[in-house]
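What follows is the residue order along each chain.
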Amino acid sequence: MGTNSGFGMIMEEKDNPGFIKVLIKEDLSSETMRGIPQDFLKSISAQEFSFKMVLKLPWGSSWRIKLSKYQSYYYMEKNGWEQFLRDNALGDNELLTFTHKGNMCFNVTIYQINCLEMLRPTKSATIASSRNNVKKEERESLSASSYSISETAESTVGGRLKQKRELNLGKKKVKEAEKSKKCKKRKVDTDSKAGTSSLVPEFTLTIKKSYVLFLGVPKKFADMHMPKKETLFKIHDSKGKKSWEVTYVVSKIQSRFSRGWPRLVKDLGLEVGYVCTFELIKPNEMILSVSKTPTPCR
């Protein structure tokens with residue numbers, strides 16, 4: 001039996017593994033609360049991660065929630081998880097059990113703070129669900145009205161001109177969105193090289209004479225992303241043809257790659273002035289990309 005920071009406890013039920021969560025009021029939407037316990041992930045096949053997570057309650061209602069991944073960790077996406085909580089009026093220290101039935105489908109049992117199992121929706125949950133249904137119907141009604149008005153407008157010259165203007169405006173918004181997306185991507189890349197947190201943490205440095213024997217990892221990157229004790233790392237070349245085992249040594253002054261690093265330097269033919277970029281793909285694995293000239297500053 002394992003735990004996940006107090007919010008996810010593994011349970012074993014013969015051929016149906018699962019886990020438990022306690023809905024702490026102050027932490028309902030945190031990554032820890034939405035996370036899938038690592039020990040549970042080991043009990044199912046990697047192929048099953050491609051399915052959406054389905055949460056089914058005893059009275060037949062179910063919710064489909066997308067999963068997102070960061071490094072080797074999986075989380076329920078925030079919008080879907082919060083919708084599930086709202087529809088069932090949860091968040092008062094209830095205990096939930098998640099029993100896996102295959103392909104990321106889970107039977108969920110809810111135990112209220114009075115220790116009784118919830119066998120039917122509570123009154124507050126029914127009201128919350130009804131409000132969501134009303135809002136959905138209002139959106140559908142508004143969409144249908146807009147469509148009807150659009151059809152009428154298109155039968156006139158003015159309607160056709162309006163449609164053309166809206167089409168041009170739509171194209172403009174799409175271009176602006178694409179431009180904004182590219183700017184955000186460049187910012188993520190820049191932040192990564194500066195040693196801040198991103199989807200794929202990385203750092204870049206230029207080989208010095210002293211780096212031939214050992215390689216010092218930038219302190220800011222080490223503090224944020226690297227292990228706090230001596231760890232054996234596997235470093236892969238960017239082409240995926242070869243890997244090296246290198247020991248990461250932790251020090252108060254400067255943590256560094258030590259044993260095994262000189263062999264990597266020799267095999268790759270690294271020389272003073274070469275530029276190396278290290279991407280952290282797993283807690284103890286990296287991809288090393290090498291260029292012979294410094295990367296231009298942007």
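Quantities reported herein were computed from a predicted structural model and do not represent experimental measurements.

Colleague: What am I meant to see in the overall build of the protein chain here?
Modeller: Helices and strands together make up the secondary structure of the protein chain, namely seven helices and 16 strands. For the protein chain, the proportion of contacts with a sequence separation of at least 24, taken over those separated by at least 6, is 52%. Only carbon and sulfur atoms are counted for the fraction: they give 53% of the accessible area of the protein chain, which is about 19300 Å².

Colleague: Looking at this structure, how should I read the sheet that holds strand E14 (residues 256–257)?
Modeller: Strand-to-strand pairing in sheets goes through backbone hydrogen bonds, with the strands running parallel or antiparallel. Read from one edge to the other, the open sheet built from seven strands follows the order E10-E15-E16-E12-E13-E14-E11, with strand pairing classed as mixed. Single-partner strands in this sheet number two, and they are strand E10 (202–206) and strand E11 (215–216). By the bridge criterion, five bridges tie E10 to strand E15 (residues 275–282) in an arrangement that is antiparallel. Within E15, the position partnered with Leu-205 by the bridge is Cys-276.

Colleague: Just checking my understanding: could you explain the side chain of Thr-109 for this structure?
Modeller: Here Thr-109 lies in strand E9 (residues 105–111). For Thr-109, a relative accessible area of 17% puts it in the buried group. Among residues more than four places away in sequence, those in contact with Thr-109 are Leu-95, Leu-96, Thr-97 and Glu-117.

Colleague: Quick question: what am I supposed to make of helix H3 (residues 78–87) here?
Modeller: Helical geometry: 3.6 residues make up each α-helical turn, so side chains three or four residues apart lie on a common side. Buried residues of H3: Trp-81, Phe-84, Leu-85 and Asp-87, and no others. Where H3 ends, the next residue or the one after it, Ala-89, has phi of about 50°, a positive value.

Colleague: Can you walk me through the environment of Phe-221 in this structure?
Modeller: Its location among the elements puts Phe-221 in helix H6 (residues 219–225). Judged by relative accessible area, which is 1%, Phe-221 ranks as buried. Along the backbone, Phe-221 and Pro-201 are 20 residues apart, and their C-alpha atoms lie at a distance of 8.3 Å.

Colleague: Would you take a moment to explain unusual backbone geometry for this structure?
Modeller: Glycine aside, residues mostly have negative phi, and peptide bonds are mostly found in the trans state. One non-glycine residue, Ala-89, adopts positive backbone phi at about 50°. Tracing the chain through its elements places Ala-89 in the loop between H3 and strand E8 (95–102). For Asn-93, which is not glycine, the phi dihedral falls at a positive 60°. On the secondary structure map, Asn-93 appears in the loop between H3 and E8.

Colleague: Would you explain the pattern of salt bridges in this entry?
Modeller: Oppositely charged side chains can pair when the atoms bearing their charge come close. Applying the stated criterion across every chain yields a total of seven salt bridges. In this structure, Lys-282 and Glu-285 form a salt bridge, with 3.9 Å as the shortest nitrogen-oxygen distance. Classification of Lys-282 by relative accessible area gives partly exposed; the value is 41%. In this structure Glu-285 comes out as buried when scored by relative accessible area, which is 18%.

Colleague: Help me understand the packing of aromatic side chains in this model?
Modeller: Think of a pair of aromatic rings as described by two things: how far the centres are apart, and how the planes are tilted against each other in angle. Per the stated rule, a full pass over the model turns up 14 aromatic pairs. A centroid spacing of 5.3 Å and a plane angle of 65° characterise the contact between Phe-19 and Phe-40, whose relative ring orientation is edge-to-face. Residue Phe-19 is located in strand E3 (residues 18–22), and its partner Phe-40 is located in helix H2 (residues 38–41); the two are separated by 21 residues in the primary sequence. As far as the burial class goes, Phe-19 and Phe-40 line up, both buried. Ring geometry for Trp-63 versus Phe-84: centroids 5.3 Å apart, planes at 80°, classification edge-to-face. Highlighted residues: Trp-63 in strand E5 (residues 62–65) and Phe-84 in helix H3, separated in sequence by 21 residues. Accessibility assignment for this pair places Trp-63 and Phe-84 in one class, buried. Connected via pairs of aromatic rings, a cluster forms that spans Phe-203, Phe-221, Phe-233, Tyr-248, Phe-257, Trp-261 and Phe-278.

Colleague: Please explain the pairing of strand E4 (residues 53–56) as it appears in this structure.
Modeller: The side chains of a regular strand alternate between the sheet's two faces. For E4 and E5, the ladder comprises four bridges, and the chain directions are antiparallel. By the bridge assignment for E5, Lys-56 is matched with Ser-62.

Colleague: I would appreciate a short explanation of the confidence of the model for the protein chain in the present structure.
Modeller: The predicted coordinates of low-pLDDT regions are not to be read in fine detail. The pLDDT averaged across the protein chain works out to 79; a share of 70% of its residues lies at or above 70. Mean pLDDT across the secondary structure elements of the protein chain bottoms out at strand E1 (residues 3–4), with 40, and peaks at strand E13 (residues 243–249), with 96. In this model, residues 1–6 is a region of pLDDT below 50 whose contacts with residues beyond four sequence positions or in other chains number 14 contacts. Low pLDDT, under 50, characterises residues 187–198; the predicted model gives this stretch 21 contacts beyond four residues in sequence or across chains.

Criteria and thresholds
Residues numbered from 1 in each chain as written. Predicted model: local features only at pLDDT ≥ 70, side-chain atom pairs only at ≥ 80, totals over all residues. Heavy atoms only, no water. Helix = DSSP H or I, 4+ residues; strand = E, 2+ residues; numbered from the N terminus. Contact = heavy atoms within 4.5 Å. Areas by Shrake-Rupley, 256 points an atom, 1.4 Å probe, with all protein chains shown as cover. Pairing = 2+ DSSP bridges. Buried < 20%, exposed > 50% of the residue type's maximum accessible area, 1.4 Å probe, protein only. Salt bridge = Lys/Arg side-chain N within 4 Å of Asp/Glu carboxyl O. Phe/Tyr/Trp six-rings, centres within 6.5 Å; stacked < 30°, edge-to-face > 60°. pLDDT = per-residue confidence, 0-100.

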